[in-house]
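# Overview (structure and organization)
Single-letter residue listing:
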Amino acid sequence: MKRLLLLLAFAGVVALMAWGFNQAIFVAPTEATMGDVQRIFYYHVPNAMLSFLFFAISFVASILFLAWKNSAPERAQAADAWALASAEVGVVFCSVVLITGPLWARPVWGIWWTWDARLTTTLILWLIYVSYLLLRRFAEGAQMQTLAAVLSIFGALDVPIVYMANRWWRTQHPAPVFGGGPDSGIKDPTMLAAFGWNVLAWAAWGLMLLAFRVHVERRQQRIRHHQTVAALAGK
Amino acid sequence: MMQPVSAQPRGWFELVRTHLLKDLRIEWRSREAIQSMLFFALLVVVLFSMAFDPTAAASREIAGGVLCVATLFASVSALNQAWTREIRHEVLDALRLTPADRSAIFVAKVLANFFFVTVVQILLGPVFFIFYNLRPLGNGWLLLAVIPLGTWALVANGTFFAALSIRSRNRELLLPLILFPIFLPALLAMVLAVKTVLTGDGSDPHLLWLKMLAGYDIIFMTVSLLLFDTVLQAE
């Protein structure tokens, strides 16, 4: 029964992704000045939004891990699994952002990359979380979880600083689409619908990946726990 | 000879002084950190000037970056040594057992490393100005604020992450991998501040980069002090 429900959920997410693809590629009208390349926007922006969401989840889970480490070890382990899983999924989404961005920038700006506020912030964010995942490989056991949580807090502090620094410095990225001023917002309802469907589809896909990854990590934690207990018992 | 241990609890500043004097004395006897840093930084400066073969005008543009990156690379080797010294003879474990405030250990280590890196910069500075034919066109005295603030950002974070990475495998390799991404905003501010002074282009009349560097120092020093005990006791 549980397996059937999971399969249905998976099928639902895939159908949503297909619907989002259809909306972005075939339904939404072609943008007047940029042409078809603007359709990358329906992938680039949802992925960027979601990668920030996942990094935020990782940050909160890291704080919870440190808070619960001594008082509630079992809950702390769950928090650690969430921190790891959301950092991994966040890095994947962030990679999509960093790949689709230059693909769009090359025809529109004429350059692949520029050291602009949001591009630099995103790249540094990506670098920080890759170093977080590296740290998790290099160290082991309970102390690794603590060290990784500490690094995650440092990384989260870094992001607003980089962002502000680059705003003062120079900027080329388009102004925020939502909440960027009186002129912002998508005017065409079909475009807005395509964008909304893609945010929804990618959110469902990302959260499903996250849930699976947390589940796997919890099982691995249990396996490691049993192995430790067995080793201590001298078996 | 062992000195008699007094049972009186010591004040925080006295603890910092004791740790600091110990580190300075070890360095005075071995001169490992300063010598290796000095030679390494010199090599980086020479390598860059050969790789780019800069003219006087171009060297003003890049010199700030070369100086910062040379310091950065050189200090990593010293920072790795900072805590490795404490591992020999289980000094670190002994420090963890003392009832004294852990933040005193951290502050003393930061001060000691700050002193080492500053000595290297003072010795290297003239060489640097000669090799790159530099003459600051802006307000040269500002360098006396910019360079110490940037060095503090590097050393405070570096000392913290060296304590963090000491518990991992390949710790010498891990430190730059986690330090550099976090240090990037400070590097950006330091490079741009130095460049403004050297070129005297008046692009930063409000000393924005200097303020950002100071803010970065305050934020990260506070967080390091708050989390240092967690890192030291991570088991």
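Residues numbered from 1 in each chain as written. Chains lettered and ligands numbered in written order. Predicted model: local features only at pLDDT ≥ 70, side-chain atom pairs only at ≥ 80, totals over all residues. Heavy atoms only, no water.

## Things to note about unusual backbone geometry
Residue and element names in this part refer to chain B. The residue His89 is not glycine, and still its phi comes out positive at about 60°. For His89, a relative accessible area of 75% gives the class exposed. Even without being glycine, Glu90 reaches a positive phi, approximately 55°. If you trace the backbone, Glu90 turns up in the loop between helix H3 (56-87) and helix H4 (91-97). Using a relative accessible area of 53% as the deciding quantity, one classes Glu90 as exposed. (Buried < 20%, exposed > 50% of the residue type's maximum accessible area, 1.4 Å probe, protein only. Helix = DSSP H or I, 4+ residues; strand = E, 2+ residues; numbered from the N terminus.)

## Re empty space enclosed by the protein
A probe as big as a water molecule, rolled over the atoms, marks out the empty space that is left. All names here are of chain B. Counting across every chain of the model gives four cavities of 30 Å³ or more. Lining the largest cavity, in full, are Met37, Ala41, Leu67, Thr71, Ala74, Ser75, Val117, Val120, Gln121 and Leu124. Put simply, the parts of the chain that give the lining of the largest cavity at least two residues each are helix H2 (32-52), H3 and helix H5 (102-131). In terms of residue class, the lining of the largest cavity is built from seven nonpolar, three polar and no charged. Considering only enclosed or pocket space, the second largest cavity measures out at about 40 Å³ in volume. Lining the second largest cavity we find Asp23, Ala82, Arg85, Lys109, Ala112, Asn113 and Phe116. Among the elements of the structure, H3 and H5 are those that each provide at least two residues to the lining of the second largest cavity. (1 Å grid on protein atoms, 1.4 Å probe; cavity = no way out; pocket = protein on both sides within 12 Å on 5 of 7 lines; lining within 4 Å. Points joined across faces, edges and corners; volume = space filled by probe spheres on them. Nonpolar A, V, L, I, M, F, W, Y, C, P; charged D, E, K, R; others polar.)

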